[in-house]
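# Architecture at a glance
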Amino acid sequence: MGGHQRSRSASASSTATRSDITELDFAAGDLDCPFGNVDALGPVELRETAYEIFFMSCRSSGVAASRGGGGGGAAEVEVSSPVAGGGARGGGAGGGGVMGSRVKKALGLRPRRLSSGAQPMMARTLSQTSGPGSPGRARRPMTSAEIMRQQMRVTDQSDARLRRTLMRTVVGQVGRRAETIVLPLELLRQLKPAEFADAEEYHQWQFRQIKLLEAGLILHPSLPLDRLHSAVLRFREVMRATEIRAIDTGKNSEVMRALTSAVHALSWRSGVPGAAVEASHWADGYPLNVLLYCSLLQTIFDLREFTVVLDEVDELLELIKKTWPTLGINRAVHNVCFAWVFFQQYVITGQVEPDLAAAALTVLVDVAADAKQGSRDPVYAKVLLSALGGMQEWSEKRLLDYHDSYEKGIGGAATEGMEILLSLALATCKIIADREGAGDGNFAGDRVDYYISVIIDRDNDPGSVLMQLARDTEQLAMFERRSFSPVLRRWHPAPVAVAAVTLHGCFGVVLRQYLAKVTILTEELVRVLHSASRLEKALAQMTAEDAADCDDGRAKAVVGDMEPFEVDSVVMGLLKAWMDDKLGLAKDCLVRARDTESWIPKSKEEPFAGSGMELMRLARFTIDEFSEIPASAKEEVVHDLVDGLEAIFQDYISFVASCGSKQSYLPPLPPLTRCNQDSGFFRLWKKAALPTCQAPEVIPRGGGGGSHIPRPSISRGTQRLYVRLNTLHYVLTHVQALDGSLSSSSSSAHFDRARAAAQSSISTVAEVAAHRLVFLDSRHSLYQGLYARGVGDARIRPALRLLKQNLSFLVSVLADRAQPVAAREVMRAAFEAFLMVLLAGGNERSFARADHAAVEEDFRSLKRAFCTCGEGLVPEEVVAREAEAAEAVVDLMARSTDCLIDAFGVATCESIGAGGGGKEDDDGYGGATPLPPTTRKWDPADPNTILRVLCHRDDEAANQFLKRTFQLARRR
């Protein structure tokens with residue numbers, strides 16, 4: 001692997017890597033992965049893990065690429081631009097040739113041809129990616145390992161971390177083989193949180209390594225494993241701890257020691273008891289090893305032209321081969337995987353490049369030779385049969401309907417595409433058949449015969465045949481009546497009736513056989529039934545006319561033998577069966593939602609619960625399919641369908657709204673007491689000695705003082721409540737749309753009960769979420785912090801800053817339709833908390849008459865925060881209306897104590913005169929005069945509200961009145 005020119009390689013810097021390249025998945029081309037999947041790891045995680053194993057394997061053998069001059073040294077594989085000339089393998093005179101590739105030549109893949117003076121799309125040297133800061137820097141060609149890193153889309157940060165880990169791991173251990181290293185464990189040991197952007201990124205990375213270990217050691221081990229093994233149980237404990245938060249991986253960490261012990265016990269096992277173990281087994285179990293290996297093989301395809309194979313494929317494959325010991329791959333398994341990735345690339349790129357299919361066929365020749373060796377390795381058998389089975393299934397699915405598949409010439413000319421498909425299908429079938437001992441004789445001819453016979457059978461559409469049969473039967477009956485019945489009437493009184501009944505019965509037999517295989521009402525079925533109904537009416541009319549002209553009883557008996565087709569009942573039965581099936585799917589969705597819904601939004605663009613989206617998608621599909629059913633009888637079942645869907649909608653809405661009530665977040669009212677009247681010296685001492693309790697100030701990450709913006713205090717539980725609110729609005733919107741779809745064909749409205757339930761639940765959930773936000777998440781800044789230890793020391797400004805951040809956060813996570821009701825309920829809860837501070841603030845709060853101006857100013861600021869929230873989310877008139885009760889209570893604070901005492905007496909007399917007495921829920925304070933009942937409906941005319949203002953009034957007159965009238969205890 002000497003120096004050579006690179007013709008189509010990725011950029012040397014991760015900043016040049018195309019971040020917008022989407023993952024090529026198996027959904028394209030209707031192709032499924034034949035090897036299954038690893039539930040804990042997705043395609044991106046598999047690719048990152050594959051690169052880590054690749055890098056470790058190369059590093060251990062001295063081939064890892066090194067930037068900045070250190071590292072692999074002479075063992076590096078250098079690649080330079082193909083247009084640089086000189087020194088390139090296969091280069092022509094003048095330096096314009098393109099290097100040759102032994103692998104591409106063997107596979108029949110053409111080298112990429114470049115126009116004169118043009119640079120390959122992916123050709124890069126390090127000088128091109130080193131940035132403008134080093135214009136005079138010499139151009140250093142990229143190494144094959146660097147090309148590999150770019151092909152696998154590995155970031156600079158990840159690559160640097162990997163390099164540091166392996167440097168620390170192999171220091172002092174020269175010659176340590178890659179297969180003896182459990183890489184995820186070494187990464188966990190060596191990398192610390194400081195090497196990541198933030199704690200969350202480190203936690204996600206750490207949990208990925210744990211999931212990888214679980215997949216390789218427990219879920220897909222290469223050797224049989226008892227799931228109750230003590231090491232498995234220890235590993236599970238560590239995994240549960242890691243799922244919650246990042247674990248300490250230091251040398252003295254008990255958790256890390258437990259993890260290391262469990263991993264060593266599971267990875268260093270032998271299939272033969274007592275035998276020495278020379279390599280760890282953590283990534284060589286099926287299908288994990290094959291999925292990782294296929295991720296590596298996928299890098300031979302150009303990232304910018306998915307149908308092109310890189311000219312550096314020879315060097316890349318040599319490097320990939322170094323991962324075989326770690327992944328448990330051998331030459332036979334490699335050949336199967338190599339054939340599969342070419343076939344997969346041919347399919348998912350739209351079958352536009354026949355060379356890819358030809359390359360797969362070439363590799364299949366080696367696969368066939370390996371299969372004839374008769375290896376009984378169970379892993380090889382699984383890989384072989386899975387890959388070949390996937391190719392065969394995809395190919396034969398199109399061959400069994402090749403008229404439709406190649407009507408438009410898929411993959412180029414129809415004959416070329418079909419020839420490729422036949423070659424693939426026959427090659428894979430032959431290998432499987434030879435392995436099973438069934439590949440003798442004219443195998444290819446028999447398979448092609450099968451494809452042709454199936455397509456002929458499929459062309460004979462039973463619906464079309466039946467409709468033609470109905471027309472032919474009617475013509476035969478007419479011909480019978482016109483030609484033969486006059487002759488036969490000499491010996492039978494009703495020959496036309498006999499012929500009609502006989503033909504009716506024969507057609508009925510065929511019709512019932514057809515209906516026995518039908519499970520859904522389709523347009524074709526409707527046409528068949530229409531033809532049958534037309535035939536039945538024609539035959540019945542002929543029978544009735546013939547029997548009417550005959551007085552013989554035999555004629556009437558013949559008429560009675562005609563058994564109706566009962567087309568309407570067939571249609572109704574199929575409609576009801578269809579409806580039951582669709583409602584069953586919706587009910588299953590509801591059951592899944594109750595069992596698994598976690599109230600985590602699908603995405604920022606779709607902030608709704610996945611179960612709500614799935615249910616509405618099923619409902620929309622059901623209504624659309626119902627509207628396309630061409631049958632008049634569906635009007636009779638539309639109400640049953642609507643009632644069934646509405647019941648499911650109501651159950652789901654009730655499930656979404658089952659989140660408790662606001663009372664569970666309202667703090668209990670403290671007992672009523674009277675303010676202490678301390679001396680002036682004692683007040684000054686207490687103020688100096690006791691710290692003020694106010695809204696907590698959040699220190700910015702950068703440190704330093706000055707003004708800053710606090711972070712939102714919305715907890716995860718509150719966020720999930722707002723996901724519920726979004727989901728209810730989503731359901732309501734889609735229910736209204738469904739109603740519109742049905743109402744277009746019917747004048748009556750539908751889903752009224754579901755709409756009413758959704759609207760009611762929206763108000764309930766918004767109210768609960770608002771009270772949780774205000775009284776739980778923001779309790780330190782508002783209910784517990786405002787005016788504690790004195791009005792002057794704990795004003796509302798810090799609480800307002802936090803409130804505005806919370807409102808901004810809500811606007812960002814709530815759907816547009818959900819924002820107004822959510823903001824309105826937060827406003828109501830905030831006003832309620834403000835009033836509770838004034839009227840039920842406990843021993844921490846007391847107010848003087850002089851505090852009224854400050855309190856009034858704070859409340860105006862609170863109102864202003866909601867008037868300016870969003871773009872008119874809460875109209876000013878709504879804010880003014882909701883604030884009336886609080887403003888009236890604040891006005892009470894401006895009155896003198898004597899005025900308050902007089903107002904209390906008047907309010908008490910009015911409540912007694914109106915029969916407002918009742919059992920006192922504040923009993924237990926003692927005193928001759930009973931306390932007025934507490935309703936929590938604060939009002940300036942309510943005696944309990946006025947009494948609470950007096951209890952918080954810090955003056956002698958209020959103190960003496962409360963002591964004399966109610967014998968209330970003093971605050972402690």
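The written sequence of each chain sets the order in which its residues are numbered from 1. Totals for whole chains, interfaces and linings use all residues, but because this is a predicted model, local features are given only for residues with pLDDT of at least 70 and pairs of side-chain atoms are given and counted only at 80 or more. Just so you know, side-chain values use all the structure's heavy atoms and leave hydrogens and water out.

## As for the overall build of the chain
- A run of DSSP states H or I qualifies as a helix once it reaches four residues; a run of E qualifies as a strand once it reaches two. Both are numbered from the N-terminal end. Within the chain one finds 35 helices and three strands.
- For every residue, the accessible area obtained with a 1.4 Å probe (protein chains only) is divided by the maximum for its type, and the residue is called buried under 20%, exposed over 50%, and partly exposed between those limits. Burial status across the chain gives 49% buried among its 972 residues.
- Residues count as neighbours in contact if any of their non-hydrogen atoms are within 4.5 Å of one another. A sequence separation of at least 24 residues applies to 78% of the contacts in the chain between residues at least 6 apart.
- Reported accessibility uses the Shrake-Rupley method at a 1.4 Å probe radius. Residues are deemed covered only where the shown protein chains occlude them. Within the structure as shown, the chain displays about 46,100 Å² of accessible surface, and the carbon and sulfur contribution to it stands at 53%.

## As for the environment of Ala754
- With respect to the helices and strands, Ala754 occurs in helix H28 (residues 752-777).
- Given the relative accessible area of 2%, Ala754 is considered buried.
- Distance in space between the C-alpha atoms of Ala754 and Glu646 is 5.9 Å, their sequence separation being 108 residues.
- When near neighbours in sequence (up to four residues on either side) are disregarded, Ala754 contacts Glu646, Phe649, Gln650, Ile653 and Val735.

## A short note on the side chain of Thr473
- Tracing the chain through its elements places Thr473 in helix H19 (residues 462-488).
- Of the residues examined, Thr473 reaches a relative accessible area of 8% and is grouped as buried.
- Apart from residues no more than four positions distant in its own chain, Thr473 is found in contact with Leu503, Phe507 and Leu535.

## What to know about a positive patch on the surface
- The grouping of Arg102, Lys321, Lys322 and Arg331 at the surface amounts to a positive patch.
- Note on placement: Lys322 falls in the loop between helix H11 (313-320) and helix H12 (324-327). Every patch collects residues that have over 30% relative accessible area and no salt bridge, joining them within 9 Å if they carry like charges and within 5 Å if they are nonpolar side chains (Val, Leu, Ile, Met, Phe, Trp, Tyr). A pair is scored as a salt bridge if a Lys or Arg side-chain nitrogen falls within 4 Å of a carboxyl oxygen belonging to Asp or Glu. Note that His is not counted, nor are the chain ends; the positive residues are Lys and Arg, and the negative ones are Asp and Glu. Charged groups are reduced to one reference atom each: NZ for lysine, CZ for arginine, CG for aspartic acid, CD for glutamic acid.

## Comments concerning unusual backbone geometry
- Look at the link from Tyr286 to Pro287: it is a cis peptide, with omega at 5°.
- One non-glycine residue, Arg153, adopts positive backbone phi at about 55°.
- On the secondary structure map, Arg153 appears in the loop between helix H4 (144-151) and helix H5 (156-170).
- Judged by relative accessible area, Arg153 falls into the partly exposed class, the value being 24%.
- The backbone phi angle of Arg789 is positive, close to 70°, even though this residue is not glycine.
- Mapped onto the fold, Arg789 is located in the loop between H28 and helix H29 (797-813).

## Digging into the packing of aromatic side chains
- Within 6.5 Å between ring centres, the rings of Phe, Tyr and Trp (the latter by its six-membered ring) count as paired, and their orientation is classed by plane angle as stacked under 30 degrees, edge-to-face over 60, tilted in between. Here the structure, examined in full by the defined rule, presents 25 aromatic pairs.
- Between Phe649 and Phe751, the aromatic rings sit 5.5 Å apart at their centres with planes inclined by 50°, giving tilted as the arrangement. Taken together, the positions of Phe649 in helix H25 (residues 638-657) and Phe751 in the loop between helix H27 (716-743) and H28 put the pair 102 residues apart, joining distant regions of the chain. The same class applies to Phe649 as to Phe751, namely buried.
- Put simply, the rings of Tyr787, Phe831, Phe834, Phe847, Phe859 and Phe866 pair up and form one aromatic cluster.
- Charge over a ring is defined by NZ of Lys or CZ of Arg lying within 6 Å of the ring centre and within 35 degrees of the ring normal. In this structure, Arg845 packs its charged tip against the face of Tyr783, placed 5.9 Å from the ring centre.

## Some words on the environment of Met239
- Within the secondary structure, Met239 sits in helix H8 (residues 230-244).
- Assessed through its relative accessible area of 11%, Met239 is described here as buried.
- Spatially, the C-alpha atom of Met239 lies 9.8 Å from that of Leu213, the residues being 26 residues apart in sequence.

## Re the pattern of salt bridges
- One pass over the full model with this rule turns up 30 salt bridges.
- Note that Arg164 and Glu195 form a salt bridge whose closest N and O atoms lie 2.9 Å from each other. Residue Arg164 is located in helix H5, and its partner Glu195 is located in the loop between helix H6 (183-190) and helix H7 (199-219); the two are separated by 31 residues in the primary sequence.
- Classification of Arg164 by relative accessible area gives partly exposed; the value is 33%.

## Some thoughts on helix H24 (residues 610-627)
- Along its 18 residues, H24 runs 26 Å from first to last C-alpha, staying within 8% of the 26 Å computed at 1.5 Å per residue.
- Turning to H24, its buried residues number three or more, namely Ser611, Gly612, Met613, Leu615, Met616, Ala619, Thr622, Ile623, Glu625 and Phe626. For a helix, the expected span equals 1.5 Å multiplied by the residue count minus one.

## Things to note about the packing of helix H30 (residues 819-839) against helix H31 (residues 852-867)
- Relative to each other, H30 and H31 sit at 170°, their axes nearing to 10 Å. In terms of orientation, H30 lies roughly antiparallel with respect to H31. Contacts between H30 and H31 involve Ala823, Val826, Met827, Ala830, Phe831, Phe834 and Leu838 on the former and, on the latter, Val855, Asp858, Phe859, Leu862, Lys863 and Phe866.
- Its residues assigned to classes, the contact of H30 with H31 shows 11 nonpolar, no polar and two charged. Each axis is a line fitted through C-alpha atoms, and for a helix only the stretch in contact is used; angles between axes span 0 to 180 degrees, taken between their N-to-C directions. By definition in this entry, angles of less than 35 degrees are roughly parallel, angles greater than 145 are roughly antiparallel, angles of 65 to 115 are roughly perpendicular, and the rest are oblique. Here the term charged refers only to Asp, Glu, Lys and Arg, the term nonpolar to Ala, Val, Leu, Ile, Met, Phe, Trp, Tyr, Cys and Pro, and the term polar to all other amino acids, Gly among them.

## A short note on a nonpolar patch on the surface
- Taken together, the side chains of Leu476, Phe479, Phe484 and Leu488 make up a nonpolar region of the molecular surface, amounting to roughly 360 Å² of accessible area.
- Locating Phe479 in the fold gives a position in helix H19.

## Some remarks on the side chain of Glu179
- Structurally, Glu179 can be placed in the loop between H5 and H6.
- Side-chain polar atoms of Glu179 contact the side chain of Arg177, separated by 2.6 Å.
- Apart from the residues within four sequence positions on either side, Glu179 is in contact with Ala279, Ser280, Pro325 and Thr326. Polar contact is defined as a pair of N or O atoms within 3.5 Å, subject to the rule that within protein one atom must be able to donate a hydrogen and the other to accept it, and that residues adjacent in sequence are counted only when both atoms are side-chain atoms.

## A word on H29
- With 17 residues, H29 should reach 24 Å at 1.5 Å per residue; the first-to-last C-alpha distance of 25 Å fits that figure.
- Buried within H29 are the following residues: Pro798, Ala799, Leu800, Leu802, Leu803, Asn806, Leu807 and Leu810.

## Overview of the packing of H6 against H7
- Look at H6 against H7: their axes get within 9 Å of each other, and the N-to-C directions meet at 155°. Put simply, H6 runs roughly antiparallel to H7. Classified by chirality, the crossing of H7 by H6 is left-handed. Contacts from Pro184, Leu187 and Leu188 of H6 reach H7 at Trp205, Gln206, Gln209, Ile210, Leu212 and Leu213.
- Each residue belonging to the contact of H6 with H7 can be placed in one class, and the counts come to seven nonpolar, two polar and no charged. Crossings are classed by handedness, with left-handed meaning an anticlockwise turn of the near helix from the far one by less than a right angle and right-handed meaning a clockwise turn.

## Here we look at the confidence of the model for the chain
- Of the residues in the chain, 78% have a pLDDT of 70 or more, and the chain-wide mean is 79.
- Element-level mean pLDDT values for the chain span from 32 in strand S2 (residues 78-80) up to 95 in helix H13 (residues 331-348).
- Scored from 0 to 100, pLDDT reflects the predictor's confidence in each residue. Contacts from residues 689-707, a stretch scored under 50 in pLDDT, to residues over four places away or in other chains number 28 contacts.

## What about the state of the cysteines?
- Note on terminology: disulfide denotes any pair of cysteine sulfur atoms within 2.5 Å. In the structure shown here, the tally under the stated rule is zero disulfides.
- Cysteine Cys675 remains unbridged, with the sulfur of Cys951 as its closest cysteine sulfur at 7.9 Å.

## A few points about the environment of Asp739
- Relative to the helices and strands, Asp739 resides in helix H27.
- Judged by relative accessible area, which is 8%, Asp739 ranks as buried.
- Counting along the chain gives 13 residues from Asp739 to Asp752, while the straight-line C-alpha distance between them is 9.0 Å.
- Asp739 has contacts with Ala749, His750, Phe751 and Arg755, leaving out every residue within four places of it along the chain.

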